[in-house]
Structure formats: structure tokens, C-alpha cells
Amino acid sequence: MADITAAMVKDLRETSGAGMMDCKKALNETNGDMEAAVDWLRTKGLAAAAKKSSRTAAEGLVGVAVSGTKGAAVEVNSETDFVAKNDQFQQFVRDVTQIALATGGDVDALKTQAMPSGKTVEEVLTNNVATIGENQSLRRSKTLEVTKGAVVPYVHNAAAPGLGKIGVLVALESDAADDVLQALGKQIAMHIAAAFPKALNESDLDEAEIERERAIATEKAADSGKPADIIAKMVEGGIAKYRKEHALVSQLFVMDGKTKISDVVAKAGKDAGAEIKLVDYVRFQLGEGIEKEASDFAAEVAAASGVPQAPQA
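Quick summary incoming for the structure in this document.

Cut-off values and rules
Residues numbered from 1 in each chain as written. Predicted model: local features only at pLDDT ≥ 70, side-chain atom pairs only at ≥ 80, totals over all residues. Heavy atoms only, no water. Axes fitted to C-alpha atoms, helices over the stretch in contact; angles between N-to-C directions. Helix = DSSP H or I, 4+ residues; strand = E, 2+ residues; numbered from the N terminus. Parallel < 35°, antiparallel > 145°, perpendicular 65-115°, else oblique. Left-handed = near helix turned anticlockwise from the far one by under 90°. Contact = heavy atoms within 4.5 Å. Nonpolar A, V, L, I, M, F, W, Y, C, P; charged D, E, K, R; others polar. Buried < 20%, exposed > 50% of the residue type's maximum accessible area, 1.4 Å probe, protein only. Pairing = 2+ DSSP bridges. Phe/Tyr/Trp six-rings, centres within 6.5 Å; stacked < 30°, edge-to-face > 60°. Lys NZ or Arg CZ within 6 Å of the ring centre and 35° of its normal. Core = buried A, V, L, I, M, F, W, Y, C linked by side-chain atoms within 4.5 Å. Patch = residues over 30% accessible without salt bridge, like charges linked within 9 Å, V, L, I, M, F, W, Y side chains within 5 Å. Areas by Shrake-Rupley, 256 points an atom, 1.4 Å probe, with all protein chains shown as cover. Salt bridge = Lys/Arg side-chain N within 4 Å of Asp/Glu carboxyl O. Lys, Arg positive; Asp, Glu negative; His and termini not counted. Charge placed at Lys NZ, Arg CZ, Asp CG, Glu CD. Polar contact = N/O pair within 3.5 Å; in protein donor to acceptor, adjacent residues only side chain to side chain. Arc of directions from axis to C-beta.

### Re the packing of helix H2 (residues 20-29) against helix H3 (residues 34-43)
Where H2 contacts H3, the two axes come as close as 8 Å, and the packing angle between them is 120 degrees. Taken as axis vectors, H2 and H3 run oblique relative to one another. Note on packing geometry: the crossing formed by H2 with H3 is right-handed. Contacts between H2 and H3 pair Asp 22, Cys 23, Lys 25, Ala 26, Leu 27 and Glu 29 from the former with Met 34, Ala 37, Trp 40 and Leu 41 from the latter. Of the residues that constitute the contact of H2 with H3, the class distribution is seven nonpolar, no polar and three charged.

### What about the pairing of strand E1 (residues 59-67)?
In terms of burial, E1 is a largely internal element, seven of the nine residues being buried. In textbook terms, the turn of a hairpin is the stretch between consecutive antiparallel strands, and for E1 and strand E2 (residues 70-78) this stretch comprises two residues, one of which, Gly 68, has a positive phi near 60 degrees. As defined by bridge partners, E1 adjoins strand E5 (residues 163-164) across two bridges and the pair is classed as antiparallel. By the bridge assignment, Val 62 is partnered in E5 with Gly 164.

### Comments concerning the packing of aromatic side chains
Each pair of aromatic rings is reported with the distance of its centres and the angle of its planes. Taken as a whole and judged by the stated rule, the model has zero aromatic pairs. When the ring centre of Phe 196 is taken as origin, the NZ or CZ atom of Lys 198, which lies over that ring, is 5.7 Å away. The ring of Phe 196 is capped by Arg 283, whose NZ or CZ atom sits 4.1 Å from the centre of that ring.

### Concerning the sheet that holds strand E7 (residues 276-285)
Within the open sheet, the three strands sit side by side as E4-E6-E7. Their pairing is antiparallel. On the outer flanks of this sheet lie strand E4 (149-156) and E7, each paired with one strand and no other. Between one strand axis and the next, the sheet turns through 15 degrees on average, direction left out of account. Here E4 pairs with strand E6 (residues 166-174) via eight bridges, running antiparallel. Among the inter-strand pairings, Ala 150 is bridged to a residue of E6, identified as Leu 172.

### Structural notes on the nonpolar core
One finds Val 168, Val 170, Leu 172, Ile 276 and Leu 278 to be the most contacted residues of the largest nonpolar core, which totals 26 residues. For this core, the secondary structure elements donating two or more residues are E4, E6, helix H8 (178-195), helix H11 (261-272) and E7. Among the elements that line this core, the one with the most residues is H8, at six residues. With near-sequence residues (within four places) excluded, Val 170 lies in contact with Ala 150, Val 151, Val 152, Gly 185, Ile 188, Ala 189, Ile 192, Leu 278 and Asp 280. One finds Ala 84, Val 107, Val 121 and Ala 160 within the second-largest nonpolar core, a separate group that totals 23 residues.

### Observations concerning a negative patch on the surface
Together, Asp 106, Asp 108, Glu 122 and Glu 123 make up a region of like negative charge exposed at the surface. Relative to the elements of secondary structure, Asp 108 occurs in helix H6 (residues 107-111).

### Here's the deal with the side chain of Arg 140
Relative to the helices and strands, Arg 140 resides in strand E3 (residues 136-145). Look at Arg 140 and you get buried, because its relative accessible area is 19%. Here Glu 75 takes part through its side chain, which lies 2.6 Å from a polar atom of the side chain of Arg 140. Residue contacts for Arg 140: discarding those within four places in its chain leaves Ala 73, Val 74, Glu 75, Val 107, Phe 284, Gln 285 and Glu 288.

### As for the sheet that holds E5
Pairing in this open sheet of four strands is antiparallel, and the strands run E3-E2-E1-E5 from one edge to the other. Each edge of the open sheet is held by one strand with a lone partner, namely E3 and E5. Where helix H5 (residues 87-103) meets the sheet, it contacts E1, E2, E3 and E5, and its direction lies at approximately 145 degrees from that of E2.

### Comments concerning helix H1 (residues 6-16)
Of the positions making up H1, those classed as buried are Met 8, Val 9, Leu 12, Thr 15 and Ser 16. Viewed end-on, H1 has its buried residues packed into an arc of 130 degrees, placing them on one side of the element. In this fold, the buried residues of H1 make contact with H2 and H3. Note on H1: the residue one or two positions beyond its end, Gly 17, has a positive phi of about 80 degrees.

Right, dumping it as C-alpha cells:
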């Protein structure tokens with residue numbers, strides 16, 4: 001049996017929204033496995049379906065940039081939010097985003113590209129760690145491109161132009177006027193930032209995650225005491241709902257809460273007199289999927305300075 005600490009209970013409570021005692025019981029039932037504990041709570045109807053990945057823990061910045069019909073997004077992580085406000089760090093993210101725009105989104109290849117200083121991205125990043133005094137990493141990068149149309153960028157709560165904690169790119173393929181595509185792209189990007197789709201289409205959703213949802217739905221349905229055929233229908237109905245809620249094109253537009261994104265795009269194309277295709281998107285949320293160890297900042301400062309910390313009462 002794993003030792004269940006107060007910190008583990010606190011983390012699970014923040015992740016799941018369940019009560020303290022329920023969280024403690026879930027951790028005991030799952031031998032301290034946090035992800036399994038979330039699933040256990042959900043099977044009991046005690047937790048929301050929100051994933052830990054939507055609760056950001058790491059700091060840094062997401063950068064987005066567009067040139068013509070191509071766009072790029074990158075995420076660069078740091079240990080604290082103080083670094084994200086540092087001019088040197090912000091300029092680094094801008095430069096790397098522009099390099100990704102020019103050369104492509106493969107992170108390993110991106111690290112070997114030359115910065116304006118002539119040094120490689122990796123060399124400058126290493127230097128920044130030394131001069132700023134905090135660990136940093138180039139975590140991910142992706143580019144989108146269309147043959148005709150527009151790639152539209154959006155940054156939610158921008159810290160500076162093109163930099164923030166959530167960056168979105170929307171790729172629209174069309175002969176429609178650029179102002180039409182920019183307006184539509186921005187609305188869809190704002191929806192993506194808020195609604196957090198997991199894939200463009202239902203068929204693109206991660207099947208492993210679908211099976212995990214199926215297992216949870218099956219266990220919940222089994223507790224209803226209904227016949228097996230009814231349970232099977234309940235499970236499949238739940239999976240169908242999950243697919244619709246997490247695929248971008250079938251999500252309900254956050255602006256009105258009733259129109260599917262696919263219908264929003266179709267109407268915009270009809271109004272413009274030219275078909276518009278939503279072909280891809282990128283949504284980078286800072287720290288998505290990263291868990292950061294809890295730390296005592298005062299203790300860290302005391303340790304770094306060599307000054308002993310006063311004992312707790």
C-alpha cells in the first residue's frame with residue numbers, strides 16, 4: 001500500500017474537483033496512482049471528465065507567427081513565470097518561431113538551425129540557461145500550410161504580440177477573400193482556445209483514449225442494473241457523445257452554443273461565394289501534459305543563499 005500524502009490528495013482534488021475524502025479513498029483504492037484515481041472517481045460519478053493536461057503546471061511562452069499561407073507555433077518552457085516576462089527569453093521565443101516558420105516544425109531539426117547571432121538555436125538556449133539562471137527547453141513546434149487560402153493565428157491573453165500561454169493556428173483552404181478568411185479563422189481560433197478540441201475530425205481521435213472512455217462508461221453503466229443490451233446501447237451512446245464533443249468540426253460553436261463548427265464554415269463559404277475548407281489546426285497550451293513538482297520557494301531560496309530556515313512552529 002502506497003503512502004497517501006496530503007499533497008497527493010490536494011493534487012487529485014484540484015485535478016478532479018472531487019471532495020477531499022473521496023480523493024483520499026480513490027488514492028487508497030488505486031495504490032496512489034493519480035491517473036487511475038481520476039478514473040476511479042469518474043466511475044463513481046465524483047469527478048468531471050477534465051484531463052490533467054488542461055491544468056497547466058509549467059511556465060514559459062507559446063509563440064505563433066504567420067507568413068503568407070504558412071504558420072508556425074512553438075512552445076518554450078521555463079521554470080517560473082518571471083522568466084516568461086524576461087525580454088531575452090521573449091526575443092528567443094520570437095526568433096525560434098520565425099525560424100520554425102521558415103524551416104519547418106521538427107524540434108530536433110529546429111535546434112540545429114542558425115539564430116540571428118549565428119549560433120544554433122540549441123547553443124543560444126544553453127547560453128540563456130546560463131545567463132538567466134533557470135532551466136529552459138524547446139518543447140514542441142508545428143507548422144501548417146495551405147496551397148490557397150489562409151493560416152490564421154490567435155494568442156489568448158497575449159503577454160506580447162505573438163506570445164502567450166495559449167497559441168492557436170487555423171488553416172483554411174479557399175479562394176474566398178482574405179478578409180473573410182481572417183475573420184472566420186479568428187472566430188474558429190477563439191473557439192479552439194476555449195473548447196480544447198482533441199482532433200479535427202471524429203475519426204482522428206486517439207483510439208486508446210476512446211477505449212479508456214469506453215471502459216469508464218461500461219463500469220458506470222454496469223452499476224445501473226439494467227439488462228446487458230441496454231447497457232451496451234448506453235455505452236455506445238456515451239462514446240458517440242464523447243466523439244462529437246471532442247472533434248473540432250462537430251463541436252458546438254462557443255459564440256452561439258448551437259451551431260456545429262462544420263456548419264459555421266459551410267455558411268461562411270456560402271456567404272462568400274467560395275467553398276471554404278477547414279483543413280487543420282494547432283492548439284498549444286503552455287505546460288499541457290507537464291506535471292511540475294511542488295516546491296517550497298522559501299526553502300529553495302534559503303538553501304541557495306546558505307541561510308538556514310527558521311523551524312516551523
